[in-house]
Amino acid sequence: ADQLGRVHKTRIKWVERGEHERDISLRCRDICREIVAGKSMFIPHLRFNYEAFLKDLPTDTEVLVIRTKNLWQDWINVNKILGARRDVDVPGEGSEGERVNAGSRLPVQNTLNARGRRILCQFLTNEIRIYIDLLNRAVNLSDDDVRAALEGTQANCPSVVKYLGGEAGSGPHVM
């Protein structure tokens, strides 16, 4: 929707037991709010935010984290921690499995202006807080891994990181 809240037709395409595609006409801001709240009915894989997954987990429980950006290396490390007797087969370049981690080859690139980024970061404050907590609890990530992830968060949402308690450069455990 535009700034006046007008509705625009949107095409959403996702894969869930086969390929699905649907045209929807809804208020974009409402969809975004639902996604942030973990209540989206239109994008199935976004129904659950970090908070939904962690709600029954004690706050002092260590976790294993697999980051999309480092999918295969994290997957290998987690399997080693869990006692795997052989390495995970990593999909070859250009394969279906390799596309999970498309990086900068995604069809939609960053087009948010500074104001839009601040608004998005504000909506995601609680998710970012939980993300930072997950990073700090992850037994499979080194301090350098955590520091690098926090630096990325700091670069994208500096006001949120500052609000949550520190600068990413002050150490791996910003909170």
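Higher on the page you've got the structure.
First, a word on scope: everything that follows refers to the structure included in this document. (Residues numbered from 1 in each chain as written. Predicted model: local features only at pLDDT ≥ 70, side-chain atom pairs only at ≥ 80, totals over all residues. Heavy atoms only, no water.)

On to the packing of helix H5 (residues 125–137) against helix H6 (residues 143–156). Orientation of H5 relative to H6, taken along the N-to-C sense of each, is 165 degrees, at an axis distance of 10 Å. Taken together, the axes of H5 and H6 are roughly antiparallel relative to one another. The two elements H5 and H6 cross, and the hand of that crossing is left-handed. Note on element contacts: H6 touches H5 through Val146, Ala149, Leu150 and Thr153, opposite Ile128, Tyr131, Ile132, Leu135 and Asn136. Classifying every residue of the contact of H5 with H6 by side-chain character gives 7 nonpolar, 2 polar and no charged. (Axes fitted to C-alpha atoms, helices over the stretch in contact; angles between N-to-C directions. Helix = DSSP H or I, 4+ residues; strand = E, 2+ residues; numbered from the N terminus. Parallel < 35°, antiparallel > 145°, perpendicular 65-115°, else oblique. Left-handed = near helix turned anticlockwise from the far one by under 90°. Contact = heavy atoms within 4.5 Å. Nonpolar A, V, L, I, M, F, W, Y, C, P; charged D, E, K, R; others polar.)

With that out of the way, let us pick up the side chain of asparagine 140. Looking at the element boundaries, asparagine 140 is found in the loop between H5 and H6. By relative accessible area, which is 9% here, asparagine 140 ends up buried. Polar contacts involving the side chain of asparagine 140 include one to the main-chain carbonyl oxygen of valine 65, which spans 2.7 Å. Ignoring sequence-local partners within four residues, the contact set of asparagine 140 consists of Val63, Leu64, Val65, Asp74, Val78, Ile81 and Asp145. (Buried < 20%, exposed > 50% of the residue type's maximum accessible area, 1.4 Å probe, protein only. Polar contact = N/O pair within 3.5 Å; in protein donor to acceptor, adjacent residues only side chain to side chain.)

What follows deals with the pattern of salt bridges. Under the defined criterion, the tally for this structure stands at 4 salt bridges. A salt bridge links arginine 67 to aspartate 74, with the nearest nitrogen and oxygen atoms 2.7 Å apart. The exposure class of arginine 67 is buried, given its relative accessible area of 14%. When the shortest N-O distance is used, the salt bridge between aspartate 89 and arginine 86 registers 3.8 Å. With relative accessibility at 60%, the residue aspartate 89 sits in the exposed group. A residue is classified by how much of its surface remains accessible, and arginine 86, at 61% relative accessible area, is exposed. (Salt bridge = Lys/Arg side-chain N within 4 Å of Asp/Glu carboxyl O.)

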